[in-house]
Amino acid sequence: MEFQVLGRPDVFHGGERLDTGPPKQRAVLTALLLYRNQGLSADRLVKSVWWEPPRAARSNLRLYLASLRRVLRPPGEPGTRVRTVGAGGYQLSVLPGELDLDRFDGLVEEGERALRAGWLPVAADRLEQATRLWRGRVLDGVPCGPALHAEATRLEERRLAVVEQWARARLVLGQPEATIAELGSLARENPLRERLWELLMRALYGAGRASEALATYARLRRMLAGELGVDPAPELRRLHEQILRGEVQPTSAGPAAGAAPRQLPTGPRHCYGRTVELADLRRLLTDPAPGPLVVAVDGVAGVGKSVLALAAARSGADRFPDGQLYVDLRGATSGLIPLRPVDALGRLLRTLGVRPDAVPDEEAEAAALFRSVVARRRILLLLDDAASADQVRPLLPAGPGCATLITSRHVLSGPIDAHRVPLGVLSTDDAVAMLGRLAGSARVAADPAAAARVAALCGHLPLALQIAGTRLAARSRWPLAALADRLAAVQRRLDELASGNLSVRSGIELTYRGLSPQARQAFRRLGLLPVRDFPGWALAALLDAPLPTAERLLEELTAAHLVEPGAEPGNPAPDGTRFRFHDLIRLYAQEQAATDPPHARAGALHRLLGAGLSLTEQAGARLAADFLGVTRHRQARWSLPRPEADRITADPRAWYEREHAFLVALVDHGLTAGALRLACCLAASLTTFFQVGNRFAEWRRTQTAALAAARRGGDRRAARWLHRGLGELDTIQDRYAEAVAHFRAARATDAAKDPEYEAAIAAGLGYLHRLRGEYGNALTEFTRAGTLSGTTGNVNGLAYATSGLGVVHLERGRLADAAACFVECLRLSRAAGYLPGEAQALRSLGQVQRARARHDLAARHFLHAKRISDGLGDRVGAAHAACWLGEMRVRQGRPAEGRLLLARCLWVFRDVGNDWGEAGALWALAVAQLAAGRAAAARRRATQAVDIWRRIDSPHWLATGIETLADAYDATGDRMTGRRVRQEAVDVRRRLTDGGAGGDGAV
């Protein structure tokens, strides 16, 4: 295929132009071509197409992309050239030589190389070939947005610069006639670009057409006077006078040697993964708005700040004909102190021609002289590796034609006003591409999984990737997997990431040594954390310091790029309360943490666990979702002041969603690091959040590990807390025998000495006895739970026990007694603000009305309960309410709505592994199918429900399911089987401690 962007965007295949669609679709095509073989986000594409995106911008974009996928599917290739990459990005694959812009760049590079070597004929030929590739203006006839407009402007500027180079070369070769037509056309299209007019005048004069050259000058002067009210530039006025006198100086191929400093150092040719940042820097450097321009690129050591800045400076050097200056400020150079501003000014002034004896010794005087020297010049200044804003401020030129690029490991703030360009690590694709460039693309292609693993273990950090790639290149027979295995050893990873004078550890160490003593201690303490993402309050605990002090130190560490701001799940904007380590920096922090005394490390960990426990208990108390009543564990611990803890946990669910991974990792770390009691307290306190967040696998793993540690340590009290939590989990997941074992084991740890936990244990056992039809035992346990809860003032527990008694009455058919219990449960729950209890009471009252065939009233109760559970984020509770609501909708004559609700409930129950709920949904679906006259489908659903209730041993509901199955057989005409099946239901009910009807098995 052949792609064209140097003019109207077009695509050809086999010599025929393909239909690339309407103008805005061609704008999408152009954006993809300009960023070929790279991912472009949907946001970037929208900005490429629309200045003011309409509401339907994204849907329109998807239509354009779908159309381009169809068009760009060439015969003989396995798929389309347009594909989706990353998280919602899009990429257009272009092979070498297919895009006219790539050919243009290659010819220009050859021409400029020939110019530097003095081979003018070759240079003129290559540059002319490059200019002939242009067929008009970029995006000719295609409307575009700001992002694409900026790229088009840059390309047009580059085209004109190349034409000017070509024309100058032809003039030096004595071939002015060859340039007149092109220069004349471009000068008319770009009337304010005086360099084109100058070259056109020289070409006309050189071709013996002096009168036309003078007429050209007169036309330019009239145009400038009329449009801008100014005269032509001094250079053009001098050329005009020279033509009048017949004394035109010969054209040179470029500026005279030594006329302007060109100090930019050599650097890597490839700037991996920095397309967006490089485009932003180019846009800033080519912005016609008056300066001075200051841009600061900051990032962690080894992230490629200098490489990016050099690439941008080299690409924009043409706009600064009076010189490109470079100073290494030594902000983080091993063995050297940062360069003083006065010393840097001395170097700059001497470079610009100021005599050494005229350079002031005072910083302020030298800075003033530097600003004066460059005031009327177009100078580009690159200040590399700045230590601080104070070091940079005196070096900034103030002239409107000047620009300064700064690189630093620190965020420069305060006395300078700069465009900030923060630099992060590379994406996976870019990191692997860089590795392939260094180690060999064939090796990477042969084992892409190992290459991606090496890139990940390097943290996608360019310096680490350069070291890894260099080592691989030096050992051509070394498999990538071997290096990946060596890097996987955490203790040796930083040792492996060193080669010659390159070392990741050394780079981080220089930044660490530049911190204040308090920030260095904070960095070491953070090395004790079990995970890379952490909340700001964790540092306060680790340091035994006020939270504002910890936040100030985190600001210093963030400014030094030793930690970076984190983000809430699902929210890409940093919220200012969470932070994270880069993997390699975390390894260095762990090394430094190990240098502190053991007692200091142990004390920090105990304070951290205490802070996590206190916040978890406070958030749980605010949520009021645990029938235990969330009593604080009577355990000494470090805590934040109450006002700060209140602010942090103001939204308890949101707080837990942010912190749950950190808290669970903290439990694991505490269990292995000798902080058994605090770790077990924290594990038990997380029960409420595990339940309302439906994090059942995490719940089981965490509390099982804590229970095993408590048993090994002989901590009976901690074992009691954890047996109770695991008993609740097994109950939720319908593992009734295991749940009973946990509750009985909890009771065996002298639970009577802890009446709050004994009440919870009794309630849990009462629930299980009721599920298994053991109503006498259930009444005994629920009564005991209610008495203990009342004695201890635990209103949540009292509400739960009262509801449990009501469900026993409900299943025994005593509807009046059941309703009285549920009304009392509702009153207690609302008085205590216990929302799960309120939802439970409403579900149960709905069951009473259901048993009385008052379907409308029952539906209102179920709907109210569902809304409360939805608000809590309790998927299981909401699904139970929705399940019974679905059955009511069927009985209200709204079968389609009912079946939809039931299908959704079935999916939720299966997703969370709730067997009872799955059986209940299947049974309700069977009832719905019977109501719709679909007897075969009803029989299938009822059979599935009966199988589950039989397996988990829930006899009351087993009998209910069997009765529905018998109804299904009757409906299919198989009454004999229906009678046999119905007899089994009678037998099951007879075996119950006491028979009854109705009820919600998941109250």
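Our subject is the structure listed above.
Given the structure is predicted, the values throughout are model-derived calculations rather than measurements.

Visitor: What am I meant to see in a negative patch on the surface here?
Guide: Together, D361, E362, E363 and E365 line one region of the surface with negative charge. In this fold, E365 is placed in helix 14 (residues 363-374). Taking the relative accessible area as the measure of exposure, E365 reaches 47% and is therefore partly exposed.

Visitor: What's the story with the sheet that holds strand 16 (residues 578-580) in this structure? I'm lost.
Guide: Sheet strands associate in pairs through backbone hydrogen bonding, adopting either a parallel or an antiparallel arrangement. Reading across from one edge, 14-16-15 is the order of the three strands in this open sheet, with antiparallel pairing throughout. The sheet terminates laterally at strand 14 (533-535) and strand 15 (564-565), the two strands that pair on one side only. Taken together, the two bridges between strand 15 and strand 16 define a ladder with antiparallel strand orientation. Across the sheet, residue P565 finds its bridge partner in strand 16, namely F579.

Visitor: What exactly am I supposed to notice about a positive patch on the surface here?
Guide: A grouping of R188, R219, R221 and R222 is seen on the molecular surface, where their side chains present a positively charged patch. Among the elements that take part in the positive patch, helix 9 (residues 210-227) stands out by supplying three residues, more than any other. If you trace the backbone, R222 turns up in helix 9. Residue R222 is classed as exposed on the basis of its relative accessible area of 57%.

Visitor: Please explain the packing of helix 41 (residues 875-891) against helix 42 (residues 895-912) as it appears in this structure.
Guide: Axis separation between helix 41 and helix 42 bottoms out at 8 Å; the angle between their running directions is 155°. In terms of their interaxial angle, helix 41 and helix 42 are classed as roughly antiparallel. Crossing of helix 41 over helix 42 shows left-handed handedness. Note on element contacts: helix 42 touches helix 41 through P895, E897, G898, L901, L902, C905, W907, V908, F909, D911 and V912, opposite R875, V876, A879, H880, A882, C883, L885, G886, E887, R889 and V890. In terms of residue class, the contact of helix 41 with helix 42 is made up of 14 nonpolar, three polar and five charged.

Calculation rules
- Residues numbered from 1 in each chain as written.
- Predicted model: local features only at pLDDT ≥ 70, side-chain atom pairs only at ≥ 80, totals over all residues.
- Heavy atoms only, no water.
- Patch = residues over 30% accessible without salt bridge, like charges linked within 9 Å, V, L, I, M, F, W, Y side chains within 5 Å.
- Areas by Shrake-Rupley, 256 points an atom, 1.4 Å probe, with all protein chains shown as cover.
- Salt bridge = Lys/Arg side-chain N within 4 Å of Asp/Glu carboxyl O.
- Lys, Arg positive; Asp, Glu negative; His and termini not counted.
- Charge placed at Lys NZ, Arg CZ, Asp CG, Glu CD.
- Helix = DSSP H or I, 4+ residues; strand = E, 2+ residues; numbered from the N terminus.
- Buried < 20%, exposed > 50% of the residue type's maximum accessible area, 1.4 Å probe, protein only.
- Pairing = 2+ DSSP bridges.
- Axes fitted to C-alpha atoms, helices over the stretch in contact; angles between N-to-C directions.
- Parallel < 35°, antiparallel > 145°, perpendicular 65-115°, else oblique.
- Left-handed = near helix turned anticlockwise from the far one by under 90°.
- Contact = heavy atoms within 4.5 Å.
- Nonpolar A, V, L, I, M, F, W, Y, C, P; charged D, E, K, R; others polar.

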